Every structure is written in C-alpha cells, then in structure tokens.
Amino acid sequence: MTMDPNLDSPRTAVSNPPIQPMKANLGVGDVVRASAMPDLPKPERQLTPVAKLIDVSKCIGCKACQSACAEWNDTVPEIEHNVGMFENPHDLTPDMFTLMRFSEFDNPQTGEFEWLIRKDGCMHCEDPGCLKACPAPGAIVQYSNGIVDFIHENCIGCGYCVTGCPFNVPRVSKTDHKSYKCTLCSDRVAVGQGPACAKACPTQAIVFGAKEDMIEHANMRVADLKSRGYENAGIYDPEGVGGTHVFYVLHHADQPELYSGLPANPQISPVVRGWKGVTKTIGLAVIGAAAVGSVLHGLFARANRVSAEEEREAEHLVETTVPVKGEEAS
Amino acid sequence: MTKPLYSEKGDHLESTAPVRVSRYRGYTRANHWVTALSLIVLLLSGLALFHPSLYFLTGLFGGGQNTRWLHPFVGILLFFSFFVLFAQLWKLNLPRPEDRTWVSQIGDVMKGNEERLPELGKYNAGQKGVFWGMSILILVLIGSGVMIWEQYFPDLVSIPVRRWAVLVHSLAAVAIILVFIMHVYAAIWTRGTISAMTRGSVTGGWAFRHHRKWLREVAGREGRDPAE
C-alpha cells in the first residue's frame, strides 16, 4: 500500500510513501502560529489535522520507537549506566526526543501488579506553552495540521520553552545551545510518510493519521478495554491545552499520574500567562510612558537651576564656616 | 575629630572663590560608570527578549544567541560593581528625620522651591529612594536571574519555581528601568548635577541650594588638621 499523493498528509504510518513525486508541504504558508510573531499572515490553506495515538495498553516496552527516533533524527544519545531500571536514557535529552517511561503499579482493586509503560515526548499541544513563552521570532512554529516544531536556526537557547511547557519536554543542548524535542517527524509527514516511531512500532501501539480517524480508532480501543474489565479506560487528550496532537489511550484514564506523572489537568501555567500577557504589555507601556514623559517634561518644563545669588551665598557660607588653620573650630 | 554625619571623609573644597566642592573621587566615579554601562547593556539585551517588538535590539550584540549568552554575565558584572558602590554609599543613604519633611513637601521639590525645604546632607530622600530601590531590585534580579540561567543552572530550581522566577525577573526589570529613568531624569533636570559624576565636583551654589548641610560640614572641617 502506498499513500495517495493527492492527500495533504499521510493517513497511516504503515503505508509506504507515494511513488509519484509529491510537493513537500509544511512550508511557510502552512504556519498558523509562530513564537514572538503576533502579526503573522494568515496561512494559505488549512491542512487536515493529524495526530499520533499512543495506545499504552498495547505497548510492550521494546523501545523500537526510541531507536527509530534516534535513527531518523540522526541523534546519538549518550551511553549511560544501568541503574537497575529499564528507563534508558534516564530522561529526555537533547539527543533523545522520546522516552519509554516505566512505572510499577500495585492495583489495590485487583491486587494485580501492573507495569505501566508510557512513551513520553512532545504532546504537540493545540495551545503550546513553549510557543507562548519563546522570545525568538519564528523559533517555534505551529502548522495548520497541528504539528509544533522548533526551527533551530532561530532558536537562541534561552530555555523559556522549558519554562512554558506543561509537560516538561524541551531540552536545551549543551553543545549548540538550541532546544530540542519531538518534531512529530514533520520532515517525514511533509512528504507523505508517517512518524518513524509509529512506523517502527511492532504492536501498532503507536498509530498515526488524521486526528479524526485517530479519535475514532481510540474510541474502539477504549470500548475493547472496557469490555475486558478496564472500566476506567479512556482517552487522554487534555482540554486544558486545547487538546493535543499526540494523545494516549490509557487503561486508567481516571488516574493519568500513574503513568510516570502524566499531569491530570495540564495547562499553560497562569504564571507564564501573567508573564507573557499583562507584564509584557503593560510593562512596556509603562516604560514607554515614563521615557516619553520625562523627555517631554525635560524639554518643556522649567529646569531646576542654581542662581548666581546662591553661588554668592555659598561663597559667603564657606568664608564664615571654614576655620582658620591653627585655630580651634567651634 | 568628630565623625562626619552628612559627608564622606574625602569630600572637600576644591576652591573657595568660586566655591567648588569635590563630591566623588575618581575611583567611585569609575565604579559608577561601570555599573551604569552594565545596566544599559542589560536593559537593551533584556528588553530585546522581553517584547517581540524590541527583538531587533539583539542586533546590537550580534544576534539572539549572543544576547542570551551575554546578558547573564553582564548581570554578574553589574552585581559586583554595584556591590562595591553600595559599600561606599550606604551610610549616607540611611534615612534621616529631614527626609520625611522632604517627601511631604514633594510639591515644592517638583516646583523647584527649595528654599521651603529643610537643609539636607549629601543625599535627599529621592536620591536615597533611587539608591535603595536599585539595591533591592538588583538583589531580586540576580537571584531570579540565576534561577533562569539555562546555560549553567538548568536544574537549580524546579520548573514551577522557574516560572515564578521569570515573572519576578521581568517585573523587577520593569521597576529598575523606571528607577533608572528617574535617576537619569533627575540628574539632568537638576542642572549642575552631572559634573559630580564626570569631573567629580559641583559648584558651591549647587551644594548650597540642594545639600546645604553637606556643604556646611565639608566647609567646617576644611583646613583643620586631624593632628591638631
């Protein structure tokens, strides 16, 4: 099966890319939002929103997705020490955009031990905190298909994206001082290929396609899990960030924190909103008003001048005050 | 010799006709200008990352990456430079009873009716406000700044704390820019002030008008030898 070259994005990661030449999309005309660029022109067209669905209940923890990610993105995660757990590397890094997080859960209801494995990485929020926080014009962009991408040539390495992200995902490189995270394989999606991790996943726990299709697929998975006794199974597509373009099927959707601290109600922190909203706008206005006001006052108001009379009085004061050398001063 | 209350030991009359009073020695002036220059660099580089409409200011420093790198180091320079300045100036900036009167008659200050104000030592309440405002804000800025220094302290504080730090840093920055504008404005509006930081001295009339207690004290100990 190959992808239809007339589609604006791949509908699955399983199919091969189109054989016929296909114009790459995800160019400048597909950008709906860009960091520090409030007056961005409207995009030329609306692409079909895409999504990557991660079905945690189907994951076997093989890390093929991590390998595929490192291979496609040509990153070389540092070799680390085994500290007695399966997580490797220890955290997301500038060279590891996705990470299998393993957590052990003693289910008090069933008495069963459960191994909850979640593929962590950028969630591609509809309302991205990183993009809101970023001060560098065009360093973070959001395409009309929902992918949030870092444009590294514009990145200045300040780490504000780390501050803004509700999921603790971006990592700033110590070598080139630029921030890195999952791109949702924007460079593959642009030419009709699904993300590398989804392509590599042997159980199809990771699937990719139009967000609508993925939600339909997720609903089927949830119904299946419920029929098998997971009554709290559900979709994790958090509304606080406007929904995400990477989303999960969880067996315990009522307790997302079980999955290595997946936040229950992620949203852009009100502190970040206050910083990037009111503080930025009012702060600059107040500074501008103070600067303009003082210049105008300086030009038109009467200056505070010393009079010739005061100079004379000073001389008089000095004459009468300076003690004569050798005499005892009072 | 009695301890000076309103002047530094080094303040002295440079000449008596016309009167010129030395206000800052060369060392203090150099210290002031290093601090001032650092503050201006910090202000420009900080504003560049504060608001998208000012991002073009990164061009002054060779682009966004350089601005991001430079800003915290200049912050460290300013912190230590200001600290040395602080050590020299803090004593005469302690509040005194006449400051209260001065503040309550701020209208006369603005109109330049200084004959109605009490006689003052080396600093008036406004100058003291700038001094303490700068001192506190610089402490807040260096503290919050280190917390958001991605290059060297990425894990110093948790991400929620970092969010507060960046908010506090930007609020304190706005405040210090306002203090800076007031400082520069007051120095220009009050004619004859700037020579205190360039030549190091002011005219007798300036001292008589604005800081008469200071002038009296400086004149009073002139010619007196500590040995006598």
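Bear in mind that the values here come from a model prediction, so they are computed numbers and not experimental data.

## Details of the sheet that holds strand 5 (residues 140–143) of chain A
One key point about sheets: their strands pair by backbone hydrogen bonds, in either a parallel or an antiparallel sense. Residues and elements named next belong to chain A. The three strands are arranged 1-5-6 in an open sheet whose pairing can be described as antiparallel. Two strands bound the open sheet, and with one partner strand each, they are strand 1 (31–34) and strand 6 (148–150). Taken over all neighbouring pairs, the strand axes of this sheet differ in orientation by 30° on average, direction set aside. As paired elements, strand 1 and strand 5 share three bridges and run antiparallel to each other. By the bridge assignment, Arg33 is partnered in strand 5 with Gln142.

## Some remarks on the interface of chain A and chain B
Contact residues are listed per partner, giving 48 residues for chain A and 50 residues for chain B. Of all the secondary-structure elements, those providing two or more residues to the side of chain A that touches chain B are helix 3 (160–164), helix 7 (270–300) and helix 8 (308–321) of chain A. When its residues are assigned to classes, the side of chain A that touches chain B shows 27 nonpolar, 13 polar and eight charged.

## So, the UniProt feature "binding site: [4Fe-4S] cluster 1" (unreviewed entry) in chain A
Residue and element names in this part refer to chain A. The UniProt record marks Cys59, Cys62, Cys65 and Cys201 with the feature "binding site: [4Fe-4S] cluster 1" (unreviewed entry), using the residue numbering of this structure. In sequence the annotated residues extend across 143 residues, while in space they remain close, none of their C-alpha pairs exceeding 10.5 Å. Relative to the helices and strands, Cys59 is located in the loop between strand 2 (50–55) and helix 1 (64–73). A tally of 20 C-beta atoms within 10 Å means that Cys59 is categorised as buried. If we ignore the near neighbours within four places in the chain, the residues touching Cys59 are Ile117, Lys119, Thr203 and Ala205. For Cys201, the location among the structural elements is in the loop between helix 5 (196–200) and strand 9 (206–210). A count of 25 C-beta atoms within 10 Å places Cys201 in the buried class. Residue contacts for Cys201: discarding those within four places in its chain leaves Ala64, Cys65 and Ile206.

## Some words on the UniProt feature "binding site: [4Fe-4S] cluster 4" (unreviewed entry) in chain A
All names here are of chain A. According to UniProt, the feature "binding site: [4Fe-4S] cluster 4" (unreviewed entry) maps to Cys134, Cys155, Cys158 and Cys161 in the numbering used here. Annotated residues spanning 28 residues; largest pairwise C-alpha distance 10.2 Å, indicating a single compact cluster. Relative to the assigned elements, Cys155 resides in the loop between strand 6 and helix 3. Cys155 sits in the buried class, given 26 other C-beta atoms within 10 Å. Beyond its immediate chain neighbours, meaning those up to four positions away, Cys155 contacts Ala136, Ala139, Phe150, Lys178 and Ser179.

## Re the packing of helix 1 (residues 26–50) of chain B against helix 2 (residues 64–89) of chain B
All names here are of chain B. Running from N to C, helix 1 and helix 2 point in directions that differ by 150°, and their axes come no closer than 8 Å. With respect to their mutual orientation, helix 1 and helix 2 come out roughly antiparallel. Relative to helix 2, the crossing made by helix 1 is left-handed. Here the residues of the contact of helix 1 with helix 2 sort into 13 nonpolar, twelve polar and no charged.

Scoring rules and cut-offs
Residues numbered from 1 in each chain as written. Chains lettered and ligands numbered in written order. Predicted model: local features only at pLDDT ≥ 70, side-chain atom pairs only at ≥ 80, totals over all residues. Pairing = 2+ DSSP bridges. Helix = DSSP H or I, 4+ residues; strand = E, 2+ residues; numbered from the N terminus. Axes fitted to C-alpha atoms, helices over the stretch in contact; angles between N-to-C directions. Contact = placed C-beta atoms within 7 Å. Nonpolar A, V, L, I, M, F, W, Y, C, P; charged D, E, K, R; others polar. UniProt positions renumbered as here; feature names shortened; annotations may be inferred. Buried ≥ 20, exposed ≤ 12 C-beta atoms within 10 Å, placed from the backbone. Parallel < 35°, antiparallel > 145°, perpendicular 65-115°, else oblique. Left-handed = near helix turned anticlockwise from the far one by under 90°.

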